[in-house]
Amino acid sequence: MTAKRRSGPRHPRNGQADAARDRAAWFLVLPALLPILVLSVGPLLYGIALAFTDAQSGRTRSTQWIGTLNFQDLLHDTLFWDSFRIGLLWAFGVTVPQFLLALGLALLLNQKLRMRWLARALAIIPWAMPEVVVGIMWRLVYNPDAGILNETIRDLGLGDGRDWLTGLATALPAVILVGIWAGMPQTTVALLAGLQNTPHELHEAAALDGAGAWRRFRTVTWPAIKPIALAISALNFIWNFNSFALVYVLTSGGPGGRTRLPMLFAYEEAFRYGQFGYAAAMGCVMVAVISVILAVYLVGRIRGGGEER
Amino acid sequence: MSLPTSRAARTGQYLALLAYLVFLAFPFLWLLSTAFKPARELGSLHPTWIPEHPTLDNFRQAFDEQPLLQAAANSLIAAVSAALIAVVIATPMAYVMARHRGRLATAATGWVVVSQAFPFVLVIIPLFLVLKNLHLINTLWGLILVYVVWSLPFALWMLAGYVRAVPAELEEAAAVDGAGRVRTLVSVVAPLLAPGIVATGLFAFITAWNEFFFALVLLKTPEKQTLPVVLTHFLGAEGVADLGPLAAAAFLATLPSLVLFAFIQRRITGGMTAGAVRG
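Residues numbered from 1 in each chain as written. Chains lettered and ligands numbered in written order. Predicted model: local features only at pLDDT ≥ 70, side-chain atom pairs only at ≥ 80, totals over all residues. Heavy atoms only, no water.

Peer 1: Is there a simple way to think about the overall build of chain B in this case?
Peer 2: A tally of helices and strands in chain B yields 12 helices and 0 strands. The N-to-C order of helical and strand elements in chain B reads α-α-α-α-α-α-α-α-α-α-α-α. Relative to the compact-globule value of 19 Å for 279 residues, chain B shows a C-alpha radius of gyration of 23 Å, a clear excess of over 25%. Considering only C-alpha atoms, chain B reaches an extent of 75 × 70 × 30 Å along its principal axes. Counting the 279 residues in chain B, one finds 55% classified as buried. Accessible surface for chain B amounts to roughly 12000 Å². Of this, 68% is attributable to carbon and sulfur atoms. Seen as two clouds, the 17 positive and the 13 negative side-chain charges of chain B have centres 13 Å apart. (Helix = DSSP H or I, 4+ residues; strand = E, 2+ residues; numbered from the N terminus. Rg over C-alpha atoms; globule rule 2.2 N^0.38 Å. Buried < 20%, exposed > 50% of the residue type's maximum accessible area, 1.4 Å probe, protein only. Areas by Shrake-Rupley, 256 points an atom, 1.4 Å probe, with all protein chains shown as cover. Lys, Arg positive; Asp, Glu negative; His and termini not counted. Charge placed at Lys NZ, Arg CZ, Asp CG, Glu CD.)

Written as structure tokens, this is what we have:
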């Protein structure tokens, strides 16, 4: 095609055209780049810097550099490490079962079943709902007297039910269940897309060779969806670890801090007690941990992608 | 997939699907049931699925108790402005990300990925300080600025996917015909991108409409607050809640995003998975 000889976007002719293209690119990028630098990258760097200061809200005296003092304090802050542990428990507790359930649902929806359309319609609900409403809705479900959960338990003769969200032992599992419910549709859709990209012929060939369902899953289905599975799980883990609204509405971190995720802890520290520097240091520790996870995921993804192509 | 399946396996599949449907639907059905129940039934020790005497009292009471209309107006202004601004500035950048292979495009893509990992607390404290110096705390404009940047990563991701779906040959043909760069973009690329731009805008609207954390931190007075923040006022200080109005208000707050999402769901999942598959 002769058109490609012209300055088509992907086919630079020489250095001069390159330079012109780059100028044009900068011009196109600028409207978004400025807000990103001012309101995202800038604050991020500012936030990291704040972690090394004694910044507090509403203080008249100027803020001072205090080196790594905030981090040293954090090391000994058992409440923070409790919340960190709870954050990891919550993130694993949501991500893993959610992935397995979503995979099951995606495999089902990939079959020719009659109620597929209904499942797709229902999946919109958790996905499109504000997290605050999801939290409120499940508080109505968990309500000790007027909730449907305890009423069902009473109807089934399984006892009197309990106050799920305020029980020391039940609060974390109860919020984890909500987390699983809230994120399942998104995970399902991502996995379903992966399944639909699997060539049918491979399945049929494997079936002809006498491979059972499990073997077909392991040798044909799983390799095909692995890149998506890795990506969605890593993102889910990160989003869950950083989540706030759902648990804020469900328990506000209670009872006795049993559901106090790191974000809830940092939020209180910053906006209830005004400890900006200290809260920023918490944010840094959270970023560090998440970066490690992201790195592991990227390495896995690159390897998985390599096999793919 | 059309492998022969035994009758028993089929039955098992339907039972499993049914269990999933129940799990997905029951909290929402309970919310609806609670919203339409009169106070007497809500106080009953044996709640029922179907309200015996359905009523709209809870909706009336919800509007009496909290400034829901004002909150809905605030949410609408914030979400519409944020979505419009985000789409207008994201579209040209997404074009560059999809079509160019320079350092700029790589850096932009890198930012989109990395920004997903920020814990918001690390961004919100400095943002709070910056917006305070600009006297934008407790204003919708401050919130809109934050929403624009917050919705950019996914908007860029989606839009770049749509740009890639436009064949580069079309642009090259336009260039051969003597159309300038700007004309090519405006009269060839933009019309083909329009449906994707609309879908992205609606998605940005929904994310802003649903957002809670930034609104909680940045908006102080009830007359400035958005719907999700005002909803939490129904919960009361000790977590004691007036269940009926709470459910009614929560249901109403969900309707706009549910309706819009139903419209664009296919495009969202298409855009999301296109990005994930291509990776």
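Anyway, onward from the coordinates.
Peer 1: How should I be thinking about helix α5 (residues 131-142) of chain A in this particular structure?
Peer 2: Residue and element names in this part refer to chain A. For α5, which comprises 12 residues, the first-to-last C-alpha distance of 16 Å matches the rise-based estimate of 16 Å (1.5 Å per residue) to within 8%. A large share of α5 lies buried, amounting to 11 of its 12 residues. Restricting attention to buried positions, one finds in α5 the residues V132, V133, V134, G135, I136, M137, W138, R139, L140, V141 and Y142. (Expected span 1.5 Å × (residues − 1).)

Peer 1: What exactly am I supposed to notice about the interface of chain B and chain A here?
Peer 2: Reports often express the size of an interface as the amount of accessible area lost when the parts come together. Across the boundary between the two partners, chain B contributes 92 residues, which contact 104 residues of chain A. Together, the buried faces of chain B and chain A total about 9600 Å²; carbon and sulfur atoms form 77% of this surface. The tally of links between chain B and chain A comes to 0 salt bridges. A total of 19 residues in the side of chain B that touches chain A trace back to one element, the largest contributor, which is helix α12 (residues 243-278) of chain B. Within the side of chain B that touches chain A, the residues separate by chemical class into 67 nonpolar, 15 polar and 10 charged. (Contact = heavy atoms within 4.5 Å. Buried area = accessible area lost by both parts, 1.4 Å probe. Salt bridge = Lys/Arg side-chain N within 4 Å of Asp/Glu carboxyl O. Nonpolar A, V, L, I, M, F, W, Y, C, P; charged D, E, K, R; others polar.)

Peer 1: For this particular structure, what's the right way to read the side chain of N240(A)?
Peer 2: Residues and elements named next belong to chain A. If you trace the backbone, N240 turns up in helix α9 (residues 213-241). A polar side-chain atom of N240 sits 3.2 Å from a polar atom in the side chain of T95. N240 has contacts with W90, A91, V94 and T95, leaving out every residue within four places of it along the chain. (Polar contact = N/O pair within 3.5 Å; in protein donor to acceptor, adjacent residues only side chain to side chain.)

Peer 1: Please clarify how the packing of aromatic side chains should be interpreted in this entry.
Peer 2: Each pair of aromatic rings is reported with the distance of its centres and the angle of its planes. Applying the stated criterion across every chain, the model contains 36 aromatic pairs over all chains. For the pair W214(A) and F217(A), a centre-to-centre distance of 5.8 Å together with 20 degrees between the ring planes defines the contact as stacked. Here the residue W214(A) and the residue F217(A) both occupy positions in helix α9, the gap between them amounting to 3 residues, near one helical turn. The exposure class assigned to W214(A) is exposed, which follows from its relative accessible area of 57%. Ring pairs connect the aromatic residues F244(A), Y248(A), Y267(A), F271(A), F276(A), F120(B), F128(B), Y147(B), W150(B), F212(B), F213(B) and F214(B), which therefore count as one cluster. (Phe/Tyr/Trp six-rings, centres within 6.5 Å; stacked < 30°, edge-to-face > 60°.)

Peer 1: What exactly am I supposed to notice about the packing of helix α4 (residues 116-128) of chain A against helix α1 (residues 7-35) of chain B here?
Peer 2: Two quantities define a packed helix pair, namely the angle between the helix axes and the distance between the axes. Contact geometry for α4(A) and α1(B): axes closest at 10 Å, N-to-C directions at 35 degrees. Here α4(A) runs over α1(B); the crossing is left-handed. Of the residues in α1(B), those touching α4(A) at L118(A), A119(A), L122(A), I125(A) and P126(A) are L17(B), L21(B), L24(B), A25(B) and F28(B). Grouping the constituent residues of the contact of α4(A) with α1(B) by class yields 10 nonpolar, no polar and no charged. (Axes fitted to C-alpha atoms, helices over the stretch in contact; angles between N-to-C directions. Left-handed = near helix turned anticlockwise from the far one by under 90°.)

Peer 1: Whenever I open this one, unusual backbone geometry confuses me. Can you help?
Peer 2: The omega torsion of the bond from G254(A) to P255(A) falls at -5 degrees, within 30 degrees of zero and hence cis. Position of P255(A) relative to the elements: it lies in the loop between α10 (245-250) and α11 (262-271). The phi torsion at N138(B) lies on the positive side, around 65 degrees, for a residue other than glycine.

Peer 1: Is there a simple way to explain the pattern of salt bridges in this structure?
Peer 2: Working definition: two side chains of opposite charge can pair if their charged atoms are close together. Tallying each qualifying case throughout the model produces 4 salt bridges over all chains. Here R154(A) and E151(A) are joined by a salt bridge, their closest N and O atoms 2.9 Å apart. Taken together, the residues span about one helical turn, with R154(A) and E151(A) both in helix α6 (residues 148-155) at a distance of 3 residues. On the basis of relative accessible area, E151(A) is assigned to the buried category, the value being 5%. Among the ionic pairs, D57(B) bridges to R60(B), the shortest N-O distance being 2.9 Å. Placement of both D57(B) and R60(B) in helix α3 (residues 57-65) is noted, with a separation of 3 residues, approximately one turn of the helix. Classification of D57(B) by relative accessible area gives partly exposed; the value is 39%. The exposed category is assigned to R60(B), whose relative accessible area is 54%.

Distances and angles like these do not, on their own, reveal function.
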